[in-house]
Amino acid sequence: MKRTFWPAISLLALAACSDPAATNEDTVDTAPADEAAATEDMDADASFESADLILPLPDNSSAEITAEDLAVRISTLADDAYEGRGPGSEAGENAALWIAREMERIGLEPGGDNGGWFQSVGMVEQTLDESVSGIRVNGLSSGEPMELTLKEDAVLWTKHQDETELAFDDSELVFVGYGVVAPEYDWNDYEGLDVDGKTVVMLVNDPGFARGTDDLFNGKAMTYYGRWTYKFEEAARQGATGAIIIHETEPASYPWEVVRNSWSGAQADLVRGDGGSSRTTFESWISRDVAETLFADAGMDLEEMKSAAMEPGFEPVDMGDLTVSGNIVQTVDTMESRNVIGMLPGTERPEEYVLYTAHWDHLGKKTEERTGAPTEDFYQDEIFNGAVDNATGSAALLDIAEAMAAGEHPRSGLFVSVTLEESGLLGSAYYADNPTVPLNQIVAGINMDGMLPVGRTKEMVVVGYGASELEDILEAKLEAQDRVVEPDPRPEAGSFYRSDHISFAKKGVPMLYADGGIDKRDGGVAAGRAAADTYTAQRYHKPMDEYSEDWNLEGMVEDVTALYEVGLEIINSDQWPTWYEGNEFEAAREASLAEADGE
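Bear in mind that the values here come from a model prediction, so they are computed numbers and not experimental data. (Residues numbered from 1 in each chain as written. Predicted model: local features only at pLDDT ≥ 70, side-chain atom pairs only at ≥ 80, totals over all residues. Heavy atoms only, no water.)

Digging into helix α10 (residues 387-405)
Here's step 1: Between the first and last C-alpha of α10 there are 25 Å, a value that for 19 residues agrees with the 27 Å anticipated at 1.5 Å per step.
Here's step 2: Of all 19 residues making up α10, 18 are buried, and the element is well covered by its neighbours. (Helix = DSSP H or I, 4+ residues; strand = E, 2+ residues; numbered from the N terminus. Expected span 1.5 Å × (residues − 1). Buried < 20%, exposed > 50% of the residue type's maximum accessible area, 1.4 Å probe, protein only.)

Quick word on the nonpolar core
Here's step 1: Counting 88 residues, the largest nonpolar core has V200, W285, I400, F415, L474 and L563 as the members making the most contacts within it.
Here's step 2: Core analysis: the second largest hydrophobic core is formed by 52 residues, F168, F175, I246 and F314 among them. (Core = buried A, V, L, I, M, F, W, Y, C linked by side-chain atoms within 4.5 Å.)

Comments concerning the side chain of T281
Here's step 1: Looking at the secondary structure, you find T281 in the loop between β12 (266-270) and β13 (282-286).
Here's step 2: On the basis of relative accessibility, which here comes to 18%, the residue T281 falls in the buried class.
Here's step 3: Each residue touching T281, except ones within four places of it in the same chain, is listed here: T158, H160, L166, A167, F168, T241 and I328. (Contact = heavy atoms within 4.5 Å.)

Side note on empty space enclosed by the protein
Here's step 1: As a volume, the second largest cavity reaches approximately 50 Å³.
Here's step 2: Lining the second largest cavity are L148, L173, V201, I244, I286, L294, F295 and M319.
Here's step 3: Its residues assigned to classes, the lining of the second largest cavity comprises eight nonpolar, no polar and no charged. (1 Å grid on protein atoms, 1.4 Å probe; cavity = no way out; pocket = protein on both sides within 12 Å on 5 of 7 lines; lining within 4 Å. Points joined across faces, edges and corners; volume = space filled by probe spheres on them. Nonpolar A, V, L, I, M, F, W, Y, C, P; charged D, E, K, R; others polar.)

Points about a negative patch on the surface
Here's step 1: The grouping of D79, D80, E83 and E90 at the surface amounts to a negative patch.
Here's step 2: Along the chain, the position of D80 falls in the loop between α2 (67-77) and α3 (90-105).
Here's step 3: Residue D80 is classed as partly exposed on the basis of its relative accessible area of 36%. (Patch = residues over 30% accessible without salt bridge, like charges linked within 9 Å, V, L, I, M, F, W, Y side chains within 5 Å. Areas by Shrake-Rupley, 256 points an atom, 1.4 Å probe, with all protein chains shown as cover. Salt bridge = Lys/Arg side-chain N within 4 Å of Asp/Glu carboxyl O. Lys, Arg positive; Asp, Glu negative; His and termini not counted. Charge placed at Lys NZ, Arg CZ, Asp CG, Glu CD.)

Things to note about the packing of aromatic side chains
Here's step 1: In this structure the tally under the stated criterion is 23 aromatic pairs.
Here's step 2: When the ring of F217 is compared with that of Y225, the centres are 6.2 Å apart and the planes differ by 85 degrees; the resulting orientation is edge-to-face. Across this residue pair, the class does not change: F217 and Y225 are buried.
Here's step 3: For the cation-ring pair, R338 lies above F118, with the distance from its terminal atom to the ring centre recorded as 4.0 Å. (Phe/Tyr/Trp six-rings, centres within 6.5 Å; stacked < 30°, edge-to-face > 60°. Lys NZ or Arg CZ within 6 Å of the ring centre and 35° of its normal.)

With respect to the packing of α2 against α3
Packed helix pairs are specified by the crossing angle of their axes together with the interaxial distance, meaning the distance between the axes.
Here's step 1: Contact geometry for α2 and α3: axes closest at 11 Å, N-to-C directions at 155 degrees. Here α3 runs roughly antiparallel to α2, going by the angle between their axes. Along the contact surface, α2 presents R73, T76 and L77, while α3 presents A95, W98, I99, E102 and R105.
Here's step 2: Here the residues of the contact of α2 with α3 sort into four nonpolar, one polar and three charged. (Axes fitted to C-alpha atoms, helices over the stretch in contact; angles between N-to-C directions. Parallel < 35°, antiparallel > 145°, perpendicular 65-115°, else oblique.)

Details of the packing of α10 against helix α15 (residues 554-571)
Here's step 1: Across the interface, α10 lies against α15 with an axial gap of 10 Å and an inter-helix angle of 50 degrees. Considering their axes alone, α10 and α15 lie oblique with respect to each other. Considering how the two elements wind past one another, α10 and α15 form a crossing that is right-handed. For the pair α10 and α15, the contacting residues are T392, A396, I400, A403 and M404 in the first and M556, V560, L563, Y564, G567, L568 and I571 in the second.
Here's step 2: Of the residues assigned to the contact of α10 with α15, the class counts are 10 nonpolar, two polar and no charged. (Left-handed = near helix turned anticlockwise from the far one by under 90°.)

Comments concerning the pairing of strand β4 (residues 134-138)
Here's step 1: For β4, the buried fraction is high: four of the five residues fall into the buried class.
Here's step 2: Where β4 lies against strand β14 (residues 317-344), five bridges are found, and the strand directions are antiparallel. In the sheet register, G134 faces β14, and the bridge partner there is N327.
Here's step 3: In terms of strand pairing, β4 meets strand β5 (residues 146-148) through three bridges, oriented antiparallel. Note on β5: the bridge partner recorded for I135 is L148. (Pairing = 2+ DSSP bridges.)

Concerning the pattern of salt bridges
Here's step 1: In the structure shown here, the tally under the stated rule is 27 salt bridges.
Here's step 2: Among the salt bridges present, the one from E303 reaches R288, with a minimum N-O distance of 2.8 Å. Remark: R288 occurs in helix α8 (residues 288-297) and E303 occurs in helix α9 (residues 302-309); sequence separation between them is 15 residues.
Here's step 3: The closest approach of N and O atoms between E352 and R349, which form a salt bridge, is 3.1 Å.
Here's step 4: On the accessibility criterion, E352 (13% relative accessible area) is buried.
Here's step 5: Through salt bridges that share partners, R73, E102, R105, D399 and E402 make up one connected network.

Description of α3
Here's step 1: An ideal rise of 1.5 Å per residue puts 22 Å on 16 residues; α3 measures up with 22 Å between its terminal C-alpha atoms.
Here's step 2: Counting buried positions along α3 gives 13 out of 16 residues, so the element sits mostly inside the fold.
Here's step 3: Looking one or two places after α3, you find G107, whose phi comes out positive at around 110 degrees.

Observations concerning the environment of I518
Here's step 1: Summarising the element assignment, I518 is placed in the loop between β22 (511-516) and α14 (524-538).
Here's step 2: The spacing of I518 and A532 is 14 residues in sequence and 7.6 Å in space, taken between C-alpha atoms.
Here's step 3: With near-sequence residues (within four places) excluded, I518 lies in contact with T457, E459, G524, V525, G528 and R529.

Considering the environment of Y431
Here's step 1: Position of Y431 among the secondary structure elements: in helix α11 (residues 426-433).
Here's step 2: Accessibility expressed as a relative area gives 0% for Y431, which makes it buried.
Here's step 3: With residues up to four places along the chain from it excluded, the contact list for Y431 reads Q119, N339, I341, L414, V416, T436, V437 and F504.

Here it is as structure tokens:
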């Protein structure tokens, strides 16, 4: 069924919800579905003035970037009233409305579809019925099947959108190493293998991370081939029935709890033109412990197989008599979410834009995840508030927009608050495929995501360091703050491929993704690293990611100010920062600009 969850509207009585993105450009239809959908979006925007907000806008705010303004915006967006900002949910979409109203209040103009504030993003929400769904491994030496307990041993889902019940029976397991086909690295884990009817088992990250030397892939820095999104897409391209990734905390860069929380409950996707039929029947993660048991039963040693998989010339290995069977029973709801788009028209060259992005969504409300008891600071409940991820970036976007709106600028400012980031960067992918302004007219962009409130630091960390001339501008701005630019200390985590800037970078738009460092002015690296590690272990993608009045926002003020000043320099100039020579996105930018020039 189709549901459109806008906030309650008296006038129209409308009824009341990561990778490149998880979308496969060959199979996901990101164009507006039809004229009715466009009309629906126009009607929703027409009701903008009469829609009721769950929470009020700030009483006042300043054109300066301040801790007070950041605090009120973060705390509002992370409030329980928005129920974790789940895309498509009534409470979640009201958070998007709040952002649009705040953009209007601070002086932006609507930049969405049909002259409104929003861009409708058609989405599908698929919810596994865990009581009647499951996965088991057959052919073990014990003679008994191993039933995998969902969330404890495995997570399970499907990208098929046109079916509510699917089954897979005795699909042979084959270990394909990292599941990578990378011609530029002369690497093919599927070479000579026919996986029709089989289920591939893969390691997370890529061979370069495993080897840890610069002579393979990109060394310890994860390439896109290490992303889980890529691995599932490639398994589908190879024709596999199923795809399983083995979770390990270090190469994944997050613990099993993140896998459990992220891939249980309702799963969102863009509407796929083929209904998802080109994807594997099922996709899954299994825990390291389960993998060790299965490999041992198949007469294989997991560590030895990992060592073999990082060597050039690795060949896939059948996992003995092991097969996998199971079934999926799901509900499938088609609904709408929204990107929020505000504009600040330029006075001299309004057709040239400086872009700021941040995602407003988070994981929503999952009643089955209520665990633990009240603690001194937080209460672990069923709401995944997403205070750091990403009420911080959303607040920063609004603070920067308000500061920009206080003056006039030759170029235009474009502020895009995207949805469905947590589902695989889907909202930004949709915008990049359906931009409201030509992408070759976007001079440069800055993305903000998950800004930790650790206080003042001596540096800002550039994720994907060494990418573009935007880093040179940032370096100059930080020098004025007596700070420096530092490369991402954990490039193996693949963070450059895990936030919304990548959707624009793939199209050639130079993007900067930078955040506060860990070398605290009060406490040094040890204190900063401890704070970051605590967040990752205890709060990331968990109900504990809540706002606290004890947060120290002084460092965030400096970070946001620096990012504002980078954009301010570009919006007031005629410079076109570009990718450094040899960057993987340089060719896409050159082709895009050549198209603009009519070449």
